[in-house]
Amino acid sequence: TVELGSSYTDAGATSDGGETVTSSGTVDINTVGTYTITYSATDAAGNTSTASRTVNVVDTTAPVVTLTGAATVTVELGDTYTDLGATATDASGTMTIVTTGTVDVNTVGSYTITYTSTDASGNVGTVTRTVNVVDTTAPVFTSSAIFSAVENQISIGTVTATDLQTVTFTISGSELEITAGGVLTFAVAPDYETKTTYTATVTATDASSNSSTQDITVNVTNDEDDD
């Protein structure tokens, strides 16, 4: 038995009387198959004897699949991912690659792309690539940093920010409050005669813990100013 693509050296044969042995037949080490080498010897009286050897050329070696590019790739959430593919080599000749797996660039996570190549003898070679979709971009505030509110009212307005993931809002200080969704209110209804300007820092944090801050100002007007 000889592995496809390796070398074959025939061991030959001998005759009991020392007669010359000739051989016929060839072995193609680049083609899987069964080959026969026949050995013949003829003595001085013209008697001929033969023997034969069977040589099986087999392929038990899986294709070697090699990634084009890195084995681990990082893609920013929302960006475009272009797969670089892979190549395969095998003693049996030109190989094809079957690629399985998908990458959702709109969802943070780790994805696996598998490249598989199968040769004519059923040997299978595989290699994988890991694609990590990450979010490293902080939310961007889209609402104004200045709000106006009327005295004796709790409600102020809504803070907004854009991000590819869900944003949660928090606020510093005790005079102003904010919901996770960004609804801004007073902790206690304001009195125009006591205080007209309130400041605080709002933090917007996305699901990947990226955060940004905005200093806001809330100006309080009295009821008479609105009449």
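Residues numbered from 1 in each chain as written. Predicted model: local features only at pLDDT ≥ 70, side-chain atom pairs only at ≥ 80, totals over all residues. Heavy atoms only, no water.

Undergrad: Which parts of the structure should I look at to understand the overall build of the chain?
TA: Across its full length, the chain holds zero helices and 19 strands. Considering only C-alpha atoms, the chain reaches an extent of 140 × 25 × 20 Å along its principal axes. Across the chain, contacts joining residues at least 24 apart in sequence account for 54% of those joining residues at least 6 apart. (Helix = DSSP H or I, 4+ residues; strand = E, 2+ residues; numbered from the N terminus. Contact = heavy atoms within 4.5 Å.)

Undergrad: It is not clear to me how unusual backbone geometry should be interpreted in this structure. Could you clarify?
TA: Phi is mostly negative for residues that are not glycine, and the peptide bonds are mostly trans. Its identity is not glycine, yet Asn152 carries a phi of approximately 70 degrees, on the positive side. Mapped onto the fold, Asn152 is located in the loop between strand E12 (146-150) and strand E13 (155-158). Residue classification places Asn152 among the exposed residues on the basis of a relative accessible area of 51%. Of note in this structure, Ser209 is not a glycine but carries a positive phi near 70 degrees. On the secondary structure map, Ser209 appears in the loop between strand E18 (197-206) and strand E19 (211-221). (Buried < 20%, exposed > 50% of the residue type's maximum accessible area, 1.4 Å probe, protein only.)

Undergrad: Got a minute to help me understand the sheet that holds strand E8 (residues 98-100) in this structure?
TA: Backbone-to-backbone hydrogen bonds join strands into a sheet, with any given pair of strands oriented parallel or antiparallel. With mixed pairing, the four strands of this open sheet are ordered in space as E6-E10-E9-E8. Where the open sheet ends on each side, the last strands, each with one partner, are strand E6 (72-76) and E8. Mean inter-strand twist for the sheet, computed between neighbouring axes without regard to direction, equals 25 degrees. (Pairing = 2+ DSSP bridges. Axes fitted to C-alpha atoms, helices over the stretch in contact; angles between N-to-C directions.)

Undergrad: I would appreciate a short explanation of the layout of surface pockets in the present structure.
TA: A probe matching the size of a water molecule, rolled over the atoms, marks out where space remains unfilled. For the largest pocket, the calculated volume is near 180 Å³. Residue lining of the largest pocket: 16 residues in total, with Thr14, Ser15, Ala41, Ser49 and Thr50 positioned closest to the centre. Contributions of two or more residues to the lining of the largest pocket are made by strand E3 (33-42) and strand E4 (48-58). Its residues assigned to classes, the lining of the largest pocket shows five nonpolar, eight polar and three charged. (1 Å grid on protein atoms, 1.4 Å probe; cavity = no way out; pocket = protein on both sides within 12 Å on 5 of 7 lines; lining within 4 Å. Points joined across faces, edges and corners; volume = space filled by probe spheres on them. Nonpolar A, V, L, I, M, F, W, Y, C, P; charged D, E, K, R; others polar.)

Undergrad: Before we go on, may I ask you to explain the pattern of salt bridges in this structure?
TA: If the charged atoms of two oppositely charged side chains come close together, the side chains can form a pair. As enumerated under the stated definition, the model contains three salt bridges in all. Among the ionic pairs, Asp83 bridges to Arg129, the shortest N-O distance being 3.5 Å. With Asp83 in the loop between E6 and strand E7 (86-89) and Arg129 in strand E10 (residues 124-134), this residue pair connects regions lying 46 residues apart in the sequence. We classify Asp83 as partly exposed; its relative accessible area is 29%. (Salt bridge = Lys/Arg side-chain N within 4 Å of Asp/Glu carboxyl O.)

Undergrad: What exactly am I supposed to notice about the sheet that holds strand E17 (residues 183-186) here?
TA: Judged by pairing direction, the sheet is antiparallel, and its three strands sit side by side in the order E13-E17-E16 without closing on themselves. On the outer flanks of this sheet lie E13 and strand E16 (176-178), each paired with one strand and no other. Between one strand and the next, the sheet's axes are offset by a mean angle of 20 degrees, whatever the strand orientation. Two strands pair when backbone bridges link them, and E13 and E17 are joined in this way by three bridges, in the antiparallel orientation. Bridging across to E17, Thr158 finds its partner in Val183.

Undergrad: Whenever I open this one, the pairing of E4 confuses me. Can you help?
TA: Every other side chain in a regular strand lies on the same face of the sheet, so the side chains alternate between the two faces. In the sheet, strand E1 (residues 2-3) pairs with E4 via two bridges, with the strands oriented parallel. Residue pairing across strands places Val2 opposite Val57, the latter belonging to E4. Note that E3 and E4 share 10 bridges and pair antiparallel. Of the residues in E4, the one forming a bridge with Tyr35 is Val55. If you look at the hairpin formed by E3 and E4, you'll find five residues sitting between the two strands, and Gly46 has a positive phi there, around 90 degrees.

Undergrad: Would you explain the side chain of Gln214 in this entry?
TA: If you trace the backbone, Gln214 turns up in strand E19. From its side chain, Gln214 meets the backbone oxygen of Ser143 in a polar contact 3.3 Å long. With sequence-adjacent residues up to four places away left out, Gln214 is seen in contact with Phe141, Ser143, Ser144, Ala145, Ala200, Thr201 and Val202. (Polar contact = N/O pair within 3.5 Å; in protein donor to acceptor, adjacent residues only side chain to side chain.)

Undergrad: Explanation requested: the nonpolar core in the structure shown.
TA: Note that soluble globular proteins tend to have their nonpolar side chains buried in a common cluster. Within the largest apolar cluster, 19 residues are counted, with the highest numbers of intra-cluster contacts made by Ile156, Val159, Phe169, Leu176, Leu184, Phe186 and Val218. At the level of elements, E12, strand E15 (167-171), E16, E17, E18 and E19 are the ones that each hand at least two residues to this core. The element best represented in this core is E18, accounting for four residues. Other than its neighbours up to four places away in sequence, Val218 contacts Phe147, Ala149, Ile156, Leu176, Leu184, Phe186, Thr196, Thr197 and Tyr198. (Core = buried A, V, L, I, M, F, W, Y, C linked by side-chain atoms within 4.5 Å.)

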